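Breakdown of the fold
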Amino acid sequence: MSQWAKVQQSPNIFRQMQQYYPPHFPMEVRYFLCQWIEEQQWDQIDESNHQYAELILNDMLTLLRQKAEELTSQEFFIIRMKLEESVQKLDSIVKTNPLEMVQVIKNCLAMEQKIIEQAEQTTQQQQLNQDLPASDQQGTNEKIMNAIHELLQKTKVTENDSKNLQHKQESFIIRFSDCQRFTGQLQQLSQMPNSQEKINKEAQLRQQKEQIDFQLAQMAQEILHLRVALSKKYEVTIVHLQELQKEILDNELISWKRRQQLAGNGLVMDSTSIDTLQNWCENLADLIWQNRQQIKKSTQLQQQLPIKFPDGEEDILPRLNDTITGLLSSLVTSTFIVEHQPPQVLKKDARFGAVVRLLVGGKLNVHMNPPQVKATIISENQAKDLLRNDVKAKNDTSGDILNNTGIMEFQPGNGQLSISFRNMQLKKIKRADKKGSEAVTEEKFCILFQSEFSVGGNELVFQVWTLSLPVVVTVHGNQECNATATVLWDNAFAEPGRIPFNVPDQVDWSHLADQLNMKFMSHTGKGLSATNLSYIASKLFGNKDSSMVSWTQFNKDTLSGRSFTFWEWFYAIQKLTKEHLKDLWNDEAIIGFVSKNQAQDWLSNRPMGTFLLRFSDSEIGGITIAWTGERQEVWNLAPFTSKDFHIRGLADRIKDLNSLVYLYPNKPKDSVFSKYYTSTVEPVINDGYIRANLKTTLPDHLTTSGEMERQPFSPETVYDMNPNSVQNMDELPMTPDMSRGLAEMDLNHLTEFLPDDIGIPEIDVQQLLVNSYIDSRVVMD
């Protein structure tokens, strides 16, 4: 389907695109020249192709002028004026700056493609229905933002309380200084000779000092009370911070990672979800950091003015400081994530990439001293050791990766701190000893990303690491199928917090069916129906009454009577559909997953020439055509495979076969397939040679009953035309139907069926063909 056809199919896409087309390149131009515009190689035009740009744009202007001249009817008057106006504007641009116009067209086409892809992804997302419902997601977001808002209010309150406490403490220190002054004066008086004046002065000073001592005692109690109250407020805040962090990290971030893993099986993720997570994590980091700074300040105030806690009271600030520092450490280490995973089927010596991101990097100013990240490949056992906090595990590796280090970069516009590995290459892999019948495509590795950075001016130093999803390393393309099976099973049935990389050996069919549907939809654009899945289940279970599927059954045991496994069969169909049949599958022209017997039942009571397309049971990666013959017999064409479609597409092959008239149940084949027919090529090319055309044909006769390829709607009767079975021409029943059948056969081919001694001159044979249309009976002497 053309790009413009997809735009027209969706009013929403059409409305979105209207804003991107400028006045000098309106959508009317795109509409009238839709096919021509998409056929041009715009991406090959750059600054060095100025003349070519001008040439191709002049062709466009010529076509537009022709189109405007064709719109002579009064009802097209406004459109014609619009086109003529566009021609004038475009003409001036082409003369001055054709490259600018080319760029405008490029941008419009690119935006179309982007909006179409977004719309298709949205549709797939709705069909898969794997993410949270919108209302639930909105509720989660609202819940978390409300919690953040409440914590901000609590943090502001404790900030004010801390300032008030500091003010009280400073007042205490000032009064304590006054008390010290009076104490000094009393000491001076004690050294003076006794006199009434001394006695009076000393009594006055002692009275003032007693008053200050009393005030200091009250102030000390108040300060101690404020300290205890503030500490308890910090304790409550920390409890809420723990709850919020648990919600964000243990629920939402883990859920995102789970969806990211399912995306390996075809789940369409919301691209904004990671940005939402970063927003939550940054707010959480800010709250934790502010409260930690407040707790540190309170600790410093206590050190400046030590006041003994009364019996039964505990100074909880040290414990709170440890708790909130632990929260910060957990937040930082948990938000060091793989944003874009490396390929899970990783071919040795092939280049690959990955993106690692720290969700709180911008908020904690980690980017002020950008950290370095290193990537290594480790085995399943090494990953287990790492999760057991084995210190040596961080230095273990199972292979060599080129271009595996880099510096994280900060993007001020969106606050992202990340690193994009673009050119990593696995040069060496060390495999573990095989376990029983385990194949190399069942062995799992992963990429370990490590870094170290500081927070708060080197006050806190964090050593962080994260693991990629499991990867299977291959050395040859023929391993990809089985490696993909290992990855699909792991992605589908891995549980959060598992021991690397354990998965169940048996799963319920309904869960596997969901994953197969998701995988098929991601590759082909349309998922599997209940009927499709029912047939697929029959391939797995046969006549067995079971609902559990084992890994061995999925991709180790061959199917009954076949030399390939279930997954190899399904994978080959998926690959064939993706590469050659995607549009037909999406248009529901292919039934596909149906048995040979079921197809025969459907077709046996349909008119002659009714056909359907189904995936082959016996030929891996094959699709066959089943059709109804003249006597309600059902024929099955030998399956076509990928190599056949590299030569000639399925739609063109169906067009070639005149025996195929109606797509089951009753659609004329041209109404379904004509838009996919290849346009006729000019027979003569520049060098004067005539180009040959390929065409699919059926044999002139089928050895089973002699059904011949014929034009649609021709009511022939099928006869056994095997020349070996004809000893004498008199044995042939020359009915009118037979006569018409012979007339349609090639003359030279007809003579192959005649005995050598029949003695009929060539001209008589020709006359026989003519007469066979007139007379219902042919008499031979």
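My aim in this report is to walk through the structure given alongside it, one point at a time.

Cut-offs and rules
- Residues numbered from 1 in each chain as written.
- Predicted model: local features only at pLDDT ≥ 70, side-chain atom pairs only at ≥ 80, totals over all residues.
- Heavy atoms only, no water.
- Pairing = 2+ DSSP bridges.
- Helix = DSSP H or I, 4+ residues; strand = E, 2+ residues; numbered from the N terminus.
- Axes fitted to C-alpha atoms, helices over the stretch in contact; angles between N-to-C directions.
- Buried < 20%, exposed > 50% of the residue type's maximum accessible area, 1.4 Å probe, protein only.
- Contact = heavy atoms within 4.5 Å.
- Salt bridge = Lys/Arg side-chain N within 4 Å of Asp/Glu carboxyl O.
- Patch = residues over 30% accessible without salt bridge, like charges linked within 9 Å, V, L, I, M, F, W, Y side chains within 5 Å.
- Areas by Shrake-Rupley, 256 points an atom, 1.4 Å probe, with all protein chains shown as cover.
- Parallel < 35°, antiparallel > 145°, perpendicular 65-115°, else oblique.
- Left-handed = near helix turned anticlockwise from the far one by under 90°.
- Nonpolar A, V, L, I, M, F, W, Y, C, P; charged D, E, K, R; others polar.

1. Quick word on the sheet that holds strand β10 (residues 460-467)
Working definition: the strands of a sheet are paired by backbone hydrogen bonds and lie parallel or antiparallel to each other. With respect to topology, 4 strands assemble into an open sheet ordered β6-β4-β9-β10, the strand pairing being antiparallel. Edge positions in the sheet fall to β6 (405-407) and β10, since each has one partner strand and no second. Geometrically, the sheet is characterised by an average inter-axis angle of 25° between neighbouring strands, direction not taken into account.

2. Details of the pairing of strand β5 (residues 399-402)
Every second residue of β5 is oriented toward a common face, the buried set being Gly399 and Ile401 and the non-buried set Asp400 and Leu402. Both β5 and strand β8 (residues 416-429) contribute to a ladder of 4 bridges, which runs antiparallel. Residue pairing in the sheet places Leu402 in a bridge with Gln425 of β8.

3. Points about the sheet that holds strand β15 (residues 623-628)
With mixed pairing, 5 strands are arranged side by side in an open sheet as β16-β15-β14-β17-β18. The sheet terminates laterally at β16 (634-636) and β18 (667-668), the two strands that pair on one side only. Strand contacts of helix α17 (residues 566-586): β14 (610-615) and β15, with the helix running at about 145° to β14, the strand carrying the most contacts. Across the sheet, helix α18 (residues 596-604) touches β14, β15 and β16, and the angle it forms with β14 is around 165°.

4. Observations regarding the pattern of salt bridges
Scanning all chains against the criterion turns up 29 salt bridges. In this structure, Asp91 engages Lys95 in a salt bridge whose closest nitrogen and oxygen atoms are separated by 3.2 Å. One end of the pair is Asp91 and the other is Lys95, both in helix α6 (residues 77-96) and 4 residues apart, which spans about a single turn. What makes Lys95 exposed here is its relative accessible area of 62%. Two residues, Asp275 and Arg357, come together in a salt bridge whose shortest N-O distance is 3.1 Å.

5. Some details on the environment of Gly399
Counting through the fold element by element, Gly399 comes out in strand β5. Using a relative accessible area of 13% as the deciding quantity, one classes Gly399 as buried. With 29 residues separating them in the primary sequence, Gly399 and Lys428 have C-alpha atoms 4.9 Å apart. Other than its neighbours up to four places away in sequence, Gly399 contacts Ile377, Lys428 and Ile429.

6. Description of a nonpolar patch on the surface
Together, Phe77, Ile78 and Met81 make up an exposed nonpolar region whose accessible area comes to about 330 Å². Along the polypeptide, Met81 turns up in helix α6. For Met81, a relative accessible area of 41% gives the class partly exposed.

7. As for the side chain of Gln294
Among the secondary structure elements, Gln294 is positioned in helix α10 (residues 273-304). Of the residues examined, Gln294 reaches a relative accessible area of 4% and is grouped as buried. Residues within four places of Gln294 in sequence aside, it is in contact with Thr155, Thr158, Glu159 and Tyr234.

8. Observations regarding the environment of Leu216
Looking at the secondary structure, you find Leu216 in helix α9 (residues 196-263). Residues Leu216 and Arg175, spaced 41 residues apart in sequence, show a C-alpha to C-alpha distance of 6.9 Å. Setting aside anything within four residues of it in sequence, one finds Leu216 in contact with Phe172, Arg175, Phe176 and Cys179.

9. With respect to the packing of helix α15 (residues 530-541) against α17
The geometry of α15 relative to α17 is characterised by a closest axis approach of 11 Å and an angle of 155° between their N-to-C directions. Accordingly, the angle class assigned to the pair α15 and α17 is roughly antiparallel. Helix-helix and strand crossings are classified by hand; for α15 and α17 the assignment is right-handed. Touching Asn532, Tyr535, Ile536, Lys539 and Leu540 of α15 are Phe566, Trp569, Phe570 and Trp585, all from α17. Tallied by class, the residues present in the contact of α15 with α17 amount to 7 nonpolar, 1 polar and 1 charged.

10. Considering helix α12 (residues 380-387)
Of all the residues in α12, the buried ones are Glu380, Gln382, Ala383, Lys384 and Leu386. The inward-facing, buried residues of α12 abut β4 (372-379), β9 (445-455) and β10. After α12 finishes, the residue Asn389 shows a positive phi value of roughly 60°.

Interpretation note: all reported values are geometric properties and have no functional meaning in isolation.
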